[in-house]
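Structure assessment
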Amino acid sequence: MSLSRFIAPLSCNSSTSDSSMVASTVKKNMNTTTALCLEDTKERIKNMFNKVELSISSYDTAFVAMIPSSTSPHTPFFPQCLNWLLDNQLVDGSWGLPDRHPLLMNDALLSTLASILALKQWGIGEDKLNKGLHFIESNFTSINDDKQHRPIGFDILFPSLVEYAQTLGINLPIRATSLEAMIQKRDRELQRGSESNSEGWRAYLAYVSEGMLKSPDMNTIMKYQRKNGSLFNSPATTAAAFHHLKNADCLSYLQSVLQKFGNAVPTVYPLDIYARLYMIDSLERLGINHHFKEEIRSVLDETYRFWLQGDETIFLDPTTCAMAFRMLRLNGYEVSSDPFYRYSEEKFPHSLKGYLKDASAVLELYRASQVIIHPEESVLVKQSSWTRNLLKQDSSDYHLYADKLHIYVDNEVNDVLKFPHHANLERVLNRRSVDHYNVDETRILKTSYRSWNLANKEILKLAVEDFNLCQSIHGKELKQLSRWVVENKLDKLEFARQKLAYCYFSSAATSFSPELSDARISWAKNGVLTTVVDDFFDVGSSEEEQLNLIQLVEKWDVDVSTVYCSEAVKIIFSAVRSTICEIGENSVERQGRNVKDNVIKIWLDLMRSMYTEAEWLRTKATPTMDDYMQNAYVSFALGPIVLPALYLVGPKLSDDAAVNQELNHLYKTMSICGRLLNDIQGFKRESEEGKLNAVSLHTIHSNGAVTYEDAVDKMKGVIEDKRRELLRLVLKEKGSLVPRDCKDLFWKMMKVLNLFYIKDDGFTSNEMHSTVNAVLKDPIILDELLVDSKSNTLSQKH
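These numbers come from a predicted model, not from an experiment.

Describing the overall build of the protein
The secondary structure content of the protein amounts to 35 helices and two strands. Its C-alpha radius of gyration of 31 Å places the protein within 12% of the 28 Å reference for a compact globule of 798 residues. Dimensions of the protein, computed from the C-alpha atoms along their principal axes, are close to 105 × 65 × 50 Å. Buried positions account for 59% of the 798 residues belonging to the protein.

Take a look at the structure:
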């Protein structure tokens, strides 16, 4: 029984076009100007790998500006920072990011107040100071607006800075009752934290220590100093520490940041490893990473070196650690999951991000837990469970703190919970990621910041153009395939399900690049044919017809006018033979040889296994579980779909015994997963038809000791184990003889299987319809995405 048994049919229109010319024709017809623009866009994105851009932070720059000179307490140590504040007040009187999001008013209030304090401390810029005070007065009510995003530490920092302003003689336009309420709220938070006495609380208090009026315990704070001299990579925190202790390493850090950024500082530095990894992740999620293979490999090689060196930039931050682990492992680097013991369910709350209930950190830890490849990785199994439970809780505190606005975090959480890594088809993910991409993404720590590397219009533009180009090719290929179905009279077989659209979708949604046209066509045609042959052996033929079809494939060169015992056999054999010959011809260019004989053997194995199943049904035999599975993983019919496509994706594959052994292992592991997924879903229907499968056989051979539920649970356990084994085989570099591009096809089919057989997530036939159309039919309009992004921003304002 093939994988398409449980997928509702989807019709597609026939048309005339030549498949061998599809990709080249589309590319030739591309507008020359558009092509040149795309090359310019790719070049600009490539340059982004060389430098991580960070926006300047008025808040942090103000704290650096407040440091007194070592020679005179009446002059600033870094006058250039003070000058920057004087030159960079916004038109409305505030300091902070220009064009700020409407939900970041508290951030603007905090940055403005810090900037006012710096000016007042050195007695300059009175006019600018007064404009800033007017801005605070005009927007102070946002402090009590629950919809506003609160920067980290805001409830401690803002009232503390207000108190400091009073000591400097600044007449803040804040009513005494409002000030008292803020102070009481701050003191309650300080009291709760003090009572918790957790390491997470102490780290948090150290992180916001620049807002402490009373001299904090600097010895406690300095234990968080990093090798680069900073505290938490935060210029503001480091500036406060240097102010108190005159620590030489703190000064060295601040000077290095100013040397890089000029007269001001960002709110976090360095961010290079995280930003570059996030950029690669975005390119992969948007489906355009294939344009930047060299740049991505360079970044991953560097990240791997840092990983082996135990670099604190990776391992002190759970978000960066989780992202580095996931991306390195998925790209074939050998990395251990041991670092996650420090972020276990028991230990994570005692880290800074754990105390802050950082949703983005939990999200990345969950993503990392999905790439288990070793049986002994219990740390990842547990991590998957507790992070998923946190993300599933709609009212979870982990949605209160995040480095992005809630709407975008919620989108990511919903997406990762609905579509786990093993059920996420690339082109479906690409489409969702493009639709949800935020070109003006603003991150929030103690203050907001932006990075060109994390989000920008250039990346979205390339993603849209690339998606639409591939989609135009896919549309033409699907129409050509529709004509192929008619020309081969496959639509005349009344017993056969018509599954072309879904068969092609499963190919285009996983191998979408223009140069993979031959592989897509092979995958889709063989998907259609395996469905037809499955129905032929299942309901559409006699034993004589079954044997006749097998004998025809065995003989191969036959007289087409005399050897068929029925029209159905003639139609099926003719279509199979022409398709195999086409694959053989196409393989010559890539493999240097015709692989027709290999593909014939694959088809014979399938037909013989299907005949065995039909014979079991005719004789009412009850095979052993081992006999059933040995036959059933072949009869599941993935062989003719995946294996011939291996010869058409590019790399050369020899017929060496070791290569064949590795391929057989990959094929069998993938097929067992698919067969068991199918049997769990089809148990009820097949039982009513008098057919046996893995679930029913398991209960029968237990003599009643195993219930249906027990059998299903066992099958699910086997599926999980085999899925992890398959991923390990695909990612294995050392000792592997099969090229990664070829091994990837097995994992791509695994994703297809898990998506098509997914349960309890509302992925109904109607939703499948819209998903197929989104990938194959509906183009993306860039201007509409940009308008929608602005609309989302404005809608959140109200």
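After presenting the structure, the write-up continues.
Some details on the state of the cysteines
Using the criterion set out here, one finds zero disulfides in the structure. Its sulfur unpaired, Cys81 is 15 Å from the next cysteine sulfur, which belongs to Cys250. Assessed through its relative accessible area of 0%, Cys81 is described here as buried.

Observations concerning unusual backbone geometry
A cis geometry characterises the amide bond from Tyr269 onward to Pro270, with omega recorded as 0 degrees. Non-glycine residue Lys357 carries a positive phi angle of around 55 degrees. Along the chain, Lys357 falls in the loop between α17 (352-355) and α18 (359-369).

Here we look at helix α24 (residues 517-538)
Owing to its 3.6 residues per turn, the α-helix aligns residues three or four sequence positions apart on the same side. Compared with an ideal rise of 1.5 Å per residue, which puts 22 residues at 32 Å, α24 spans 31 Å between its outermost C-alpha atoms and is within 8% of the ideal. Burial analysis of α24 places 20 of its 22 residues in the buried class, which makes it a mostly covered element.

Examining the pattern of salt bridges
Counted according to the given criterion, the structure contains 45 salt bridges. For Arg483, the salt bridge goes to Glu487, with nearest N and O atoms at 3.2 Å. With a gap of four residues between them, Arg483 and Glu487 both fall in helix α22 (residues 457-487), about one helical turn apart. Given the relative accessible area of 26%, Arg483 is considered partly exposed. Since its relative accessible area comes to 53%, Glu487 is described here as exposed. Residue Arg590 is joined to Asp518 by a salt bridge in which the shortest nitrogen-to-oxygen separation is 3.1 Å. Of this pair, Arg590 sits in helix α26 (residues 567-591) while Asp518 sits in helix α24; the two residues are 72 residues apart in sequence, bridging distant segments of the chain.

Topic: the nonpolar core
Formed by 258 residues in total, the largest nonpolar core has its most connected members in Phe158, Phe505 and Phe746. Other than its neighbours up to four places away in sequence, Phe505 contacts Leu425, Val428, Phe756, Met768, Thr771, Val772, Val775 and Leu776.

So, the layout of surface pockets
When its volume is computed, the largest pocket comes out at roughly 1,500 Å³. Breaking the lining of the largest pocket down by element, the ones donating at least two residues are α13 (272-286), α14 (293-308), α16 (318-330), α20 (406-418), α21 (426-436), α32 (708-731) and α33 (740-756). Broken down by element, the residue count for the lining of the largest pocket peaks at seven residues, all from α33. Considered class by class, the residues forming the lining of the largest pocket number 16 nonpolar, 11 polar and 17 charged.

Brief notes about the environment of Ala658
Mapped onto the secondary structure, Ala658 falls in helix α30 (residues 657-688). A residue is classified by how much of its surface remains accessible, and Ala658, at 34% relative accessible area, is partly exposed. The spatial distance from the C-alpha of Ala658 to the C-alpha of Leu737 is 7.6 Å, given a sequence separation of 79 residues.

A word on the confidence of the model for the protein
Averaged over every residue, the pLDDT of the protein is 90; residues scoring 70 or more account for 91%. Scored below 50 in pLDDT, residues 4-30 makes 59 contacts in the model with residues more than four places away or belonging to other chains. Predicted confidence for residues 760-764 stays below pLDDT 50, and this span has seven contacts to residues more than four positions away or in other chains.

A closer look at the side chain of Ser736
Here Ser736 shows up in the loop between α32 and α33. Among the residues examined, Ser736 registers a relative accessible area of 18% and is labelled buried. Polar contacts involving the side chain of Ser736 include one to the side chain of Glu662, which spans 2.5 Å. Polar contacts involving the side chain of Ser736 include one to the side chain of Lys743, which spans 2.9 Å. Apart from residues lying up to four places away in sequence, Ser736 is in contact with Glu662 and Lys743.

Comments concerning the packing of aromatic side chains
Counting across every chain of the model gives 26 aromatic pairs. Between Phe140 and Phe158, the aromatic rings sit 6.5 Å apart at their centres with planes inclined by 35 degrees, giving tilted as the arrangement. A residue pair is termed long-range when its members are at least 10 positions apart, and Phe140 in the loop between α6 (126-139) and α7 (154-167) and Phe158 in helix α7 qualify at 18 residues. Summarising the burial analysis for this pair, Phe140 and Phe158 share the class buried. Centroid distance Tyr204 to Tyr355: 5.1 Å. Interplanar angle 35 degrees. Geometry classified as tilted. Note that Tyr204 is positioned in helix α9 (residues 199-207) and Tyr355 in helix α17, a separation of 151 residues in sequence. Taken together through their ring pairs, the aromatic side chains of Trp307, Phe315, Phe325 and Phe340 make up a single cluster. In this structure, Lys246 packs its charged tip against the face of Phe242, placed 5.4 Å from the ring centre. The lysine or arginine in question, Arg427, covers the ring of Phe512, its NZ or CZ lying 3.8 Å from the ring centre.

Details of the environment of Arg728
Tracing the sequence through the fold places Arg728 in helix α32. Since its relative accessible area comes to 28%, Arg728 is described here as partly exposed. In sequence terms Arg728 and Gly332 are 396 residues apart; their C-alpha atoms lie 9.4 Å from each other. Setting aside anything within four residues of it in sequence, one finds Arg728 in contact with Ile373 and His374.

Observations regarding helix α28 (residues 625-635)
Taken residue by residue, α28 has Tyr628, Met629, Asn631, Ala632, Tyr633, Val634 and Ser635 as its buried positions. In the core, the buried residues of α28 are packed alongside α27 (596-619), α30 and α31 (694-700).

Description of empty space enclosed by the protein
Evaluated as defined, the whole model comprises five cavities of 30 Å³ or more. What the largest cavity holds in volume is close to 360 Å³. Along its surface, the largest cavity is lined by 20 residues, and Tyr278, Arg285, Glu412, Ser433 and His436 are the ones closest to its centre. In terms of residues, the lining of the largest cavity owes the most to one element, α13, which gives five residues. Per-class residue counts for the lining of the largest cavity are six nonpolar, five polar and nine charged.

What counts and what doesn't
Residues numbered from 1 in each chain as written. Predicted model: local features only at pLDDT ≥ 70, side-chain atom pairs only at ≥ 80, totals over all residues. Heavy atoms only, no water. Helix = DSSP H or I, 4+ residues; strand = E, 2+ residues; numbered from the N terminus. Rg over C-alpha atoms; globule rule 2.2 N^0.38 Å. Buried < 20%, exposed > 50% of the residue type's maximum accessible area, 1.4 Å probe, protein only. Disulfide = S-S within 2.5 Å. Expected span 1.5 Å × (residues − 1). Salt bridge = Lys/Arg side-chain N within 4 Å of Asp/Glu carboxyl O. Core = buried A, V, L, I, M, F, W, Y, C linked by side-chain atoms within 4.5 Å. Contact = heavy atoms within 4.5 Å. 1 Å grid on protein atoms, 1.4 Å probe; cavity = no way out; pocket = protein on both sides within 12 Å on 5 of 7 lines; lining within 4 Å. Points joined across faces, edges and corners; volume = space filled by probe spheres on them. Nonpolar A, V, L, I, M, F, W, Y, C, P; charged D, E, K, R; others polar. pLDDT = per-residue confidence, 0-100. Polar contact = N/O pair within 3.5 Å; in protein donor to acceptor, adjacent residues only side chain to side chain. Phe/Tyr/Trp six-rings, centres within 6.5 Å; stacked < 30°, edge-to-face > 60°. Lys NZ or Arg CZ within 6 Å of the ring centre and 35° of its normal.

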